[in-house]
Amino acid sequence: AGRAELATDAQANIVRSQFNAMQQEVSARIAKSTCPDVLHEVREQIGQVFRLASGSGAHAAAQALTSVRAQLADSRVRLDELRQHALDPDRADRLCESLARGHARVTKAPLHDAGHLLGWTIRADFDS
């Protein structure tokens, strides 16, 4: 009965349309992203919030949403710290040169997020 009532509620239909447009935007961002993990995770968490609201009520859902927001804020802090402390290319080269002096075959590649250097993947294979 509640769903049937919502189907004829103009405001509910506007909100539903806006939500669907946001879901399409997230899908477009996922398709373009080189690292869409966080978008997939947040989409799943928001789905869980909706399921929680349906089964346990608005208060439980609001608490869950607060938790999601806190996790995203923590993630932002971690990304900012990675950006601030990533080795610059010269220091990464010096580290690789040091490893190579130990007879390692060294490869490195930068890790970027939104055009910002987060760090490096460095692999050193030593002969046995």
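Please refer to the structure higher up on the page.
Rules used in this analysis
Residues numbered from 1 in each chain as written. Predicted model: local features only at pLDDT ≥ 70, side-chain atom pairs only at ≥ 80, totals over all residues. Heavy atoms only, no water. Phe/Tyr/Trp six-rings, centres within 6.5 Å; stacked < 30°, edge-to-face > 60°. Helix = DSSP H or I, 4+ residues; strand = E, 2+ residues; numbered from the N terminus. 1 Å grid on protein atoms, 1.4 Å probe; cavity = no way out; pocket = protein on both sides within 12 Å on 5 of 7 lines; lining within 4 Å. Points joined across faces, edges and corners; volume = space filled by probe spheres on them. Nonpolar A, V, L, I, M, F, W, Y, C, P; charged D, E, K, R; others polar. Axes fitted to C-alpha atoms, helices over the stretch in contact; angles between N-to-C directions. Parallel < 35°, antiparallel > 145°, perpendicular 65-115°, else oblique. Contact = heavy atoms within 4.5 Å. Pairing = 2+ DSSP bridges. Expected span 1.5 Å × (residues − 1).

**Section: the packing of aromatic side chains**
At step 1: A full pass over the atoms with the stated rule returns one aromatic pair.
At step 2: Between Phe 19 and Phe 50, the ring centres sit 5.3 Å apart and the planes meet at 80°, which makes this aromatic pair edge-to-face. A residue pair is termed long-range when its members are at least 10 positions apart, and Phe 19 in helix H2 (residues 10–32) and Phe 50 in helix H3 (residues 37–56) qualify at 31 residues.

**Some details on the layout of surface pockets**
At step 1: Empty space within the largest pocket amounts to approximately 750 Å³.
At step 2: Those elements giving two or more residues to the lining of the largest pocket turn out to be H2, H3, helix H4 (58–85) and strand E1 (104–113).
At step 3: No other element matches the seven residues that H4 contributes to the lining of the largest pocket.
At step 4: When its residues are assigned to classes, the lining of the largest pocket shows eleven nonpolar, six polar and seven charged.
At step 5: Within this model, the second largest pocket holds a volume of roughly 380 Å³.
At step 6: Lining the second largest pocket we find 16 residues, and of these Phe 19, Met 22, Gln 23, Ile 46 and Phe 50 sit closest to its centre.

**Describing the packing of H2 against H3**
At step 1: Orientation of H2 relative to H3, taken along the N-to-C sense of each, is 155°, at an axis distance of 10 Å. Overall, the two elements H2 and H3 adopt an arrangement that is roughly antiparallel. Between H2 and H3, the residues in contact are Phe 19, Gln 23, Val 26, Ser 27, Arg 29 and Ile 30 and Leu 39, His 40, Arg 43 and Phe 50, respectively.
At step 2: A class-by-class count of the residues in the contact of H2 with H3 yields five nonpolar, three polar and two charged.

**Describing the pairing of strand E2 (residues 116–126)**
At step 1: Bridge count for E1 against E2 is ten bridges, and the pairing is antiparallel. Across the sheet, Ala 109 pairs through a bridge with Thr 121, a residue of E2.

**Here we look at H3**
At step 1: For H3, which comprises 20 residues, the first-to-last C-alpha distance of 28 Å matches the rise-based estimate of 28 Å (1.5 Å per residue) to within 8%.
At step 2: Phi for Gly 57, located one or two positions after H3, is positive at around 100°.

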